[in-house]
Amino acid sequence: MGFIIFIVVIVIIVLWMVSLYNRLVSLRNRRQNAFADIDVQLRQRHDLVPQIVETVKGYASHERGVLTQVTEARSAAMAARTIDDKIVAEQQLTSALQGLRVQMEAYPDLKANQNFLQLQQELSDIENKLAAARRFFNGATTEYNNAVETFPSNLIASNFNFKREIMFDLGTDSRTRMEEPPAIKF
Amino acid sequence: MKYIGLHQQIRRNNTNSFLLLVSFPALLLGMFYVIIYFIAKDNAAEYPGDNYPMSIDHNAMFLAAVPFILVSVAVWFLIAWAGHATLIRLATGAKSLERKENTRVYNLVENLCISKGMKMPKINVIDDDSLNAFASGIDENSYSVTLSKGIINKLNDDELEGVIAHELSHIRNRDVRVLIISIIFVGIFAFIAEVAFRSLRFAGRGKKDNKGGGAIILIAIVLTAIAYLISMLLRFGISRKREYLADAGAADMTKKPYALARALKKISTDPYIEAVENRDVAQLFIDNPRVSNRKSASWDNLFATHPPIEKRIELLDQFV
C-alpha cells in the first residue's frame, strides 16, 4: 500500500514537472513569435533607409558623417541573425536615424521637399508600428522572464537551460541622448 | 490580476457560444413538440375509435419532424454564418476602408492590433454624420470594425483610438461571436413568429369551418412569442456586462481611459445612425440608447442592450 502511494506521488510530481517545462517552452515560443511582428517592421525600415539617405544626399552632401553612420548601422542591422544581436543593432540604427533627423532640422530646403516629407512620414509610421510591436514583444518577454525566475518553474528553467532574455527597449545610446540636456552653442 | 480576468472572460464566452449553439435548437424543438402535440390532439378529435392513423400519435409525428427541423436550422445557420458579414454590411450600408483612403484610421487600428499581437480585422465605414461604431464577425477572417463617418471626423486621435480599442476588446473577448450567434438564432424565431402571424391572417380570411386550424396557429403564435421573448432576454443578459469589460480592455490597451471617457461623452450627444433602423444590428453599436418617451426607467433597463453611458464614464474615470 505504501509503495503504491509512493509511486502515485512520484507520477504526479513528474507530470507536474513536465507541465512546468511545457509552459516554459510555450512562453519562449510566444516571445519568438512576437519578435516576428517586429521583424516585419524592421525589414520595412531597412527598405526605407536608402531612399532617405539618397534624398538627403542631394541637399546636404557635406553631412557625410551622419549619412555613413546611418548606412553602416543599417548594414549591421541587416547582417544580425539572432534576436539579441538584432535588438542591439536595431537600437544603433534607431539612434543613428534620430541623429540624422536632428541634423536635418538645419536644412529648410530639405524640409520643404515633398518627397522627403513623404519618406519621413513613412518612417514615423514604421516607428509607431515598431513601438506597438515592441510593447507586445516586451510583454511576452516579461511573462517568460517571470516564469524563468520565479519558484517553482525556476528549478526546471535552471536545469534545462532557460535563461532570462532581454527586452527590446530604447537603446542605451538614444536614452542618454534623450536624458542629457540639449546642448546650446553660441 | 486583470490579465487572468480577461482569459476567464474569453473562456466563459466560448462556453456561452457553445451553450447558445446547443440551447437554441433545444428551445426550438421543445416549441415544435408542443405545437405538434396540439395538432395531433386536434386530429384525434376527428378520428374516434381505435384505428388511429399516424397523424394522431404526437410522438411519432414529432420524431418524423425532428430531422427536418434540425436540417433547416443547420442550413439557416450555415447560410447566416457564411453571409452575416455581407448581410450586416448591406443592412448598415457600410463600405470597406482601404489603407490609402484613410491612413489615420487604418494606422490606429493596425497599431493597436500589433501591440496586442492580434490579426487585424477589416475596417468598414458608414456614411453617416452621427457618432457610432461596432464590431462584428465570427472568426479571424470575418472580424471587422465598423465606424461612422461622424465618429471618424468628430473625435481626435486619442478618442478615436479609445473607441477602436473598445471594439477590438469585444473581438478579443469573443463577445462578437456570442452576439452574432445569438442574433442568428433570434432571427430564426423572429422568422417563425412572422410566418405564424401571416398564416393566422391568411386562415382568418379563409374558410370559417376550419376553427381547429385557427386555434393551432394561435397556440403557435403564443409559443413563438414566448420563445422569442426568452431568446431576447438571454441575448440582452449576455450583452450588457461586456460593455464594461470592453471599456476596461480599451483602457488597458491605450492607457488613456480619459480619452475613451471623453469619446463616450461626445458619442452620447448624437449616437443615432438614421440609416440603421434594424434593432438586431443596432445592439452591436458602442452605444445603443433607446428612443423612448416612457417614464419607467426599469422597463427600459430590462431591454437596453447597453448600460447607461454616465455609468460607463464614471467607471472609466476611476482608472485614472
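Residues numbered from 1 in each chain as written. Chains lettered and ligands numbered in written order. Predicted model: local features only at pLDDT ≥ 70, side-chain atom pairs only at ≥ 80, totals over all residues.

Chemist: Please clarify how the overall build of chain B should be interpreted in this entry.
Modeler: A tally of helices and strands in chain B yields eleven helices and four strands. The buried share of chain B, reckoned over its 320 residues, is 35%. (Helix = DSSP H or I, 4+ residues; strand = E, 2+ residues; numbered from the N terminus. Buried ≥ 20, exposed ≤ 12 C-beta atoms within 10 Å, placed from the backbone.)

Chemist: Would you mind showing me how to read unusual backbone geometry here?
Modeler: The general pattern is negative phi for most residues beyond glycine and trans for most peptide bonds. A cis amide bond, omega 5 degrees, links Phe151 of chain A with the succeeding residue Pro152 of chain A. Positionally, Pro152 of chain A belongs in the loop between α5 (114-149) and α6 (153-159). Of note in this structure, Lys255 of chain B is not a glycine but carries a positive phi near 60 degrees.

Chemist: Before we go on, may I ask you to explain the interface of chain A and chain B in this structure?
Modeler: Each side of the interface is counted separately: chain A has nine residues, and chain B has seven residues. The leading source of residues in the side of chain A that touches chain B is α5 of chain A, at seven residues. Classifying every residue of the side of chain A that touches chain B by side-chain character gives four nonpolar, one polar and four charged. (Contact = placed C-beta atoms within 7 Å. Nonpolar A, V, L, I, M, F, W, Y, C, P; charged D, E, K, R; others polar.)

Chemist: Which parts of the structure should I look at to understand the pairing of strand β4 (residues 144-148) of chain B?
Modeler: Put simply, side chains in a regular strand alternate between the two faces of the sheet. Residue and element names in this part refer to chain B. Across the five residues that make up β4, a large majority, five, are buried. On β4, burial covers both faces: Ser144, Thr146 and Ser148 on one face and Val145 and Leu147 on the other are all buried. Sheet analysis places strand β2 (residues 122-126) next to β4, joined by five bridges and oriented parallel. From the neighbouring strand, Ile123 faces β4, where its bridge partner is Val145. Two elements, strand β3 (residues 133-136) and β4, share four bridges in a ladder whose sense is antiparallel. Its bridge partner lying in β4, Phe134 is registered against Thr146. (Pairing = 2+ DSSP bridges.)

Chemist: Is there a simple way to think about the nonpolar core in this case?
Modeler: Across soluble globular proteins, nonpolar side chains have a tendency to be buried as a group. Counting 73 residues, the largest nonpolar core has Phe137 of chain A together with Val109, Leu112, Val163, Ile164, Leu168 and Leu260 of chain B as the members making the most contacts within it. At twelve residues, the largest contribution of residues to this core is made by helix α6 (residues 175-205) of chain B. The residues touching Leu168 of chain B, leaving out its near neighbours within four places in the chain, are Leu112, Cys113, Val145 and Met253 of chain B. Ile52, Val56, Ala73 and Ala77 of chain A belong to the second largest nonpolar core, which has twelve residues in total. (Core = buried A, V, L, I, M, F, W, Y, C linked by C-beta atoms within 7 Å.)

Chemist: I keep staring at the packing of helix α1 (residues 2-59) of chain A against α5 of chain A and nothing clicks. Help me out?
Modeler: Each packed pair of helices is defined by two parameters, the angle between the axes and the distance between the axes. Residues and elements named next belong to chain A. The contact between α1 and α5 brings their axes to 9 Å, and the two run at 165 degrees. With respect to each other, α1 and α5 are oriented roughly antiparallel. In terms of crossing hand, the pair formed by α1 and α5 is left-handed. Counted by class, the contact of α1 with α5 contains 18 nonpolar, six polar and ten charged residues. (Axes fitted to C-alpha atoms, helices over the stretch in contact; angles between N-to-C directions. Parallel < 35°, antiparallel > 145°, perpendicular 65-115°, else oblique. Left-handed = near helix turned anticlockwise from the far one by under 90°.)

Chemist: Help me out: how do you make sense of the packing of helix α8 (residues 257-267) of chain B against helix α11 (residues 309-317) of chain B in this one?
Modeler: Residues and elements named next belong to chain B. The N-to-C vectors of α8 and α11 enclose an angle of 165 degrees; their axes lie 9 Å apart at closest approach. Comparing the axis directions of α8 and α11 gives the class roughly antiparallel. With respect to the hand of their crossing, α8 and α11 are arranged in left-handed fashion. When α8 is examined against α11, the residues Pro257, Leu260, Ala261, Leu264 and Lys265 are found in contact with a partner set consisting of Ile309, Arg312, Ile313, Leu316 and Asp317. Looking at the contact of α8 with α11 residue by residue, the classes come out as seven nonpolar, no polar and three charged.

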